[in-house]
Amino acid sequence: MSVEARESVAAPAGFGYGVLVATLGCALIALPAALRSGAPLLLSWLALWGAAALMAAPVAGAWRVARPLPASAWCLPLGVALSLAPLMVFARLLKTATHHRPLGGATFAIVAALLVLGATAVAARLLAWSGRQEGAKAKLPLAVAVLGSCLAVPLALPMLGAELRGALLDGVLLLVVTALGALVPEQRRIAARAAISGPLVWIGAIGSALAVGLGSAATRAALADHAPVLLGLAGWLRP
């Protein structure tokens, strides 16, 4: 079989595997948000599972098919990670020193955009340098990204209320599930059927969310208040 033929066979299986892993992962991360929402547990879990899978699974599948990504594709994520801690410090200063909220928001948006652009340029240079290194030096961008993200967490938490902390947790879990769907090693027995089973499980989760989980207006309202990140696009699909 030619290389082109093998790639044409592998792409649907890889996409389906990513979709399957991410969809099953969304079933797990939906549980804490469903418990937090105060809505009927089964309905809220079904709604959030399908809603989260609607967003995460296609991204995970496409990411898996696109691997390996070029080094330049990581410039923006690394730049954001480098910017997080300084942005949290700046946000805390604005919150205490600025009483005009719209002005403070506009100032933060401008500074954040400039800082992320500058950090992305630095990230590009760091990635280019690490690409010429071996051993531990080649892993420096990953270490910098982890360090920047970890520094931002204790700076951000004091500014967040209980609801915002829940939204932050949901967002982080959604990103983790998406990354797992894209990067987790394939199990051969599952991968052989993933081209069909992955999309079927995904469609089933979304259908259950729209037909059952989001069928109650009270449930939709509770999820919109307590789990808006996981509800995401699905909140617009039911009136």
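Just so we're clear, the structure is a prediction, and the values are computed from it rather than from any experiment.

The rules behind these values
Within any chain, residue numbers begin from 1 and follow the written order of that chain's sequence. Per-residue local features of the predicted model are confined to residues with pLDDT of at least 70, and side-chain atom pairs are confined, for both listing and counting, to 80 or more; whole-chain, interface and lining totals are unaffected and use all residues. Hydrogens and water are ignored here; the side-chain numbers use all heavy atoms of the structure. Stacked, edge-to-face and tilted labels apply to pairs of Phe, Tyr and Trp rings (six-membered ring for Trp) whose centres lie within 6.5 Å, assigned for plane angles under 30 degrees, over 60, and everything in between, in that order. Only DSSP runs of H or I with at least four residues qualify as helices, and only runs of E with at least two residues qualify as strands; both kinds are numbered from the N terminus onward. Exposure classes here rest on a 1.4 Å probe applied to the protein chains alone. A residue is buried below 20% of its type maximum, exposed above 50%, and partly exposed in between. What is meant by a nonpolar core is a set of buried Ala, Val, Leu, Ile, Met, Phe, Trp, Tyr and Cys residues, joined one to another through side-chain atoms within 4.5 Å. Two residues form a contact once any of their heavy atoms are found within 4.5 Å. Salt bridges are counted wherever a side-chain nitrogen of Lys or Arg sits within 4 Å of a carboxyl oxygen of Asp or Glu.

Q: Outline the packing of aromatic side chains, listing residues and values.
A: Two measures describe an aromatic ring pair: the distance that separates the ring centres and the angle between the ring planes. In total, this model carries two aromatic pairs according to the counting rule given. Ring centres of W45 and W49 lie 5.2 Å apart, and the angle between their planes is 25 degrees; this geometry places the pair in the stacked category. Note that W45 and W49 are positioned in helix α2 (residues 41-66) at a spacing of four residues, about one turn of the helix. Centroid distance W63 to W74: 6.0 Å. Interplanar angle 55 degrees. Geometry classified as tilted. Remark: W74 occurs in the loop between α2 and α3 (75-97) and W63 occurs in helix α2; sequence separation between them is eleven residues. The partly exposed category is assigned to W74, whose relative accessible area is 36%.

Q: Describe in detail the nonpolar core, supporting the description with residues and values.
A: Ranked by internal contacts, the top residues of the largest apolar core, which has 29 residues, are C26, L48, W49, L174, L230 and L231. No other element matches α2, which puts eleven residues into this core. Ignoring sequence-local partners within four residues, the contact set of L48 consists of A30, A33, A34, L223, A227, L230 and L231. Counting seven residues, the second largest nonpolar core, distinct from the first, contains L78, A81, A123 and L126.

Q: Talk me through the pattern of salt bridges; I want residue IDs and the actual numbers.
A: Per the counting criterion, the structure on display carries two salt bridges. Of the charged contacts, one joins E186 and R64 as a salt bridge, the two residues approaching to 3.3 Å between their closest N and O atoms. Taken together, the residues span a long stretch of sequence, with E186 in the loop between α6 (162-183) and α7 (188-213) and R64 in helix α2 at a distance of 122 residues. Relative accessible area serves as the criterion here: at 39%, E186 is assigned to the partly exposed category. By relative accessible area, which is 8% here, R64 ends up buried.

Q: Describe in detail the environment of A34, supporting the description with residues and values.
A: Residue position: A34 is located in helix α1 (residues 3-37). Separated by 14 residues in the primary sequence, A34 and L48 place their C-alpha atoms 7.2 Å from one another. Setting aside chain neighbours within four positions, we find A34 in contact with A39, L41, S44, W45 and L48.

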